[in-house]
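Structure at a glance
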Amino acid sequence: MKLAFKQHSVLPGFGLTLGCTVLYLSLVVLVPLSLLFFRSASLPAAQFWHAVSEPRVVASYKLTFGASLVAAVVNVVFGFIVAWSLVRYRFPGRQLLDALIDLPFALPTAVSGIALTAIFAKTGWLGQFFYPLGIQTAFSPLGVTIALTFIGLPFVVRPLQPALEELDAEVEEAAASLGASRWQTFYRVIVPSVLPALLTGFALAFARALGEYGSVVFISGNKALQTEITSLLIITKLEQYDYAGATAIASVMLVASFAILLGINTLQWWAGRGRLKGV
């Protein structure tokens with residue numbers, strides 16, 4: 001006679017946990033975003049189009065998306081190098097370096113913005129070497145990109161570290177024993193294995209940069225049509241009591257962010273599916 005044992009879980013059942021999850025996400029995410037869309041939808045089409053397509057707004061789109069993309073790509077390259085060094089090598093100060101990766105998480109964004117401005121200003125520690133070469137770092141699009149790169153690095157390194165830890169070094173040794181060069185081992189063995197994590201880091205860094213405000217507002221200089229980011233423009237509209245214009249611009253950024261994240265998630269699914277087929 002077989003006895004059936006019911007498996008008990010520490011957490012409540014599926015129905016209760018799913019209900020709490022949906023309720024929490026609705027209150028924190030869905031309701032505010034829905035109100036944003038409803039406020040934007042109440043505008044006449046001509047007024048909405050004027051609010052989101054005036055030259056100052058378009059210039060902020062170009063700077064925000066362009067600088068965010070460049071910062072995310074830079075973080076993917078150097079974030080991979082940092083994650084690889086932390087996972088594969090043991091050296092003095094490794095734990096300190098690993099802790100420093102999370103510094104952008106711990107620092108208030110305004111503090112990091114002030115620090116970056118002081119460092120890259122004309123008389124700053126690093127800026128004094130760039131300005132004689134004709135390279136303006138602070139109060140320029142380059143300064144915006146530097147700030148977005150600073151706050152986005154942890155979003156690339158942290159997803160990559162577990163993926164690299166799971167990558168067995170024996171696979172690389174097997175590829176080398178079969179005659180593969182270091183470059184062939186890198187792009188045929190290592191990159192396919194960590195590509196989902198790499199895409200995740202890129203998506204997180206890019207999405208984080210799109211909505212950044214505190215670390216950019218000081219180093220950008222906030223020059224209209226030149227160094228004004230979209231999040232700052234939304235704040236400016238709110239301070240001028242132009243709630244309709246602010247919600248219209250915010251809705252455009254929200255839709256664009258959703259579209260980009262959907263594209264990245266599709267690439268992740270495709271990369272994971274190709275990896276499973278390869279196995």
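This is a predicted model, so every value here is computed, not measured. Once a new chain begins, its residue numbering starts again from 1 and follows that chain's sequence as written. Whole-chain, interface and lining totals are the exception, using all residues; otherwise, since this is a predicted model, local features are given only for residues with pLDDT of at least 70 and side-chain atom pairs are given and counted only at 80 or more. Hydrogens are left out, water is left out, and the side-chain values use all remaining heavy atoms of the structure.

**Considering the packing of aromatic side chains**
Worth spelling out the cut-off: When the centres of two rings from Phe, Tyr and Trp lie within 6.5 Å, Trp using its six-membered ring, the rings pair. Their planes under 30 degrees apart give stacked, over 60 give edge-to-face, and anything left gives tilted. What counts as a helix is a DSSP run of H or I of at least four residues, what counts as a strand is a run of E of at least two, and both are numbered from the N terminus. Note on exposure labels: buried denotes an accessible area under 20% of the residue type's maximum, exposed denotes more than 50%, and partly exposed covers the range between, all computed with a 1.4 Å probe on protein chains only.
According to the stated counting rule, one finds seven aromatic pairs in the structure shown. Look at phenylalanine 80 and phenylalanine 186: their rings are 5.6 Å apart centre to centre, the planes differ by 80°, and that puts the pair in the edge-to-face class. Pair noted here: phenylalanine 80 is in helix α3 (residues 55–88) and phenylalanine 186 is in helix α10 (residues 182–210), with a separation of 106 residues, a long-range link. A ring pair is formed by phenylalanine 202 and phenylalanine 206, whose centres lie 6.0 Å apart and whose planes are at 5°; its orientation type is stacked. Within this pair, phenylalanine 202 and its partner phenylalanine 206 are both found in helix α10, separated by four residues, close to a single helical turn. Both residues of the pair, phenylalanine 202 and phenylalanine 206, belong to the buried class. Chaining the aromatic ring pairs together yields one cluster made of Phe80, Trp84, Trp183, Phe186 and Tyr187.

**Digging into empty space enclosed by the protein**
The gaps of empty space that remain are located by a probe, the size of a water molecule, rolled over the atoms. What counts here: Method remark: on a 1 Å grid restricted to protein atoms, a set of points is classed as a cavity if a 1.4 Å probe fits but cannot get out and as a pocket if it is open with protein on both sides within 12 Å along at least five of seven lines; lining residues have an atom within 4 Å of a point. Grid points are joined across faces, edges and corners, and a volume is the space filled by probe spheres set on the points. Under the scheme applied here, ten amino acids are nonpolar (Ala, Val, Leu, Ile, Met, Phe, Trp, Tyr, Cys and Pro), four are charged (Asp, Glu, Lys and Arg), and all others, including Gly, are polar.
Under the defined criterion, the tally for this structure stands at one cavity of 30 Å³ or more. A volume near 30 Å³ is recorded for the largest cavity. Looking at the largest cavity, the residues that line it are Thr64, Ser68, Leu148, Ala209, Leu210, Glu212, Val216, Ile229 and Ser231. Where the lining of the largest cavity is concerned, the elements lending two or more residues are α3 and α10. Along the lines of polarity and charge, the residues of the lining of the largest cavity split into five nonpolar, three polar and one charged.

**Some remarks on the side chain of threonine 227**
Keep this limit in mind: Any pair of N or O atoms that falls within 3.5 Å is considered a polar contact. Within protein, one atom must be able to donate a hydrogen and the other to accept it, and sequence-neighbouring residues count only if both atoms are side-chain atoms.
For threonine 227, the location among the structural elements is in the loop between α11 (214–217) and α12 (230–239). Taking the relative accessible area as the measure of exposure, threonine 227 reaches 2% and is therefore buried. At 2.8 Å, the side chain of threonine 227 forms a polar contact with the backbone oxygen of serine 220. Looking at threonine 227, its side chain comes within polar contact range of the main-chain nitrogen of asparagine 222, at 3.3 Å.

**Section: the layout of surface pockets**
When its volume is computed, the largest pocket comes out at roughly 280 Å³. Around the largest pocket, the lining comprises 14 residues; the ones closest to its centre are Leu210, Gly211, Met253, Leu254 and Ser257. Only α10, α12 and α13 (243–278) provide two or more residues apiece to the lining of the largest pocket. For the lining of the largest pocket, a count of residues per class yields ten nonpolar, four polar and no charged.

**Quick notes on the side chain of serine 231**
Defined as follows: Should any heavy atoms of two residues lie within 4.5 Å, those residues are counted as being in contact.
With respect to the helices and strands, serine 231 occurs in helix α12. Other than its neighbours up to four places away in sequence, serine 231 contacts Glu212 and Tyr213.

**A short note on unusual backbone geometry**
In this structure, leucine 225 takes a positive phi of about 70° despite not being glycine. Considering the arrangement of structural elements, one finds leucine 225 in the loop between α11 and α12. Even without being a glycine, tyrosine 241 presents a positive backbone phi close to 60°. Relative to the elements of secondary structure, tyrosine 241 occurs in the loop between α12 and α13.

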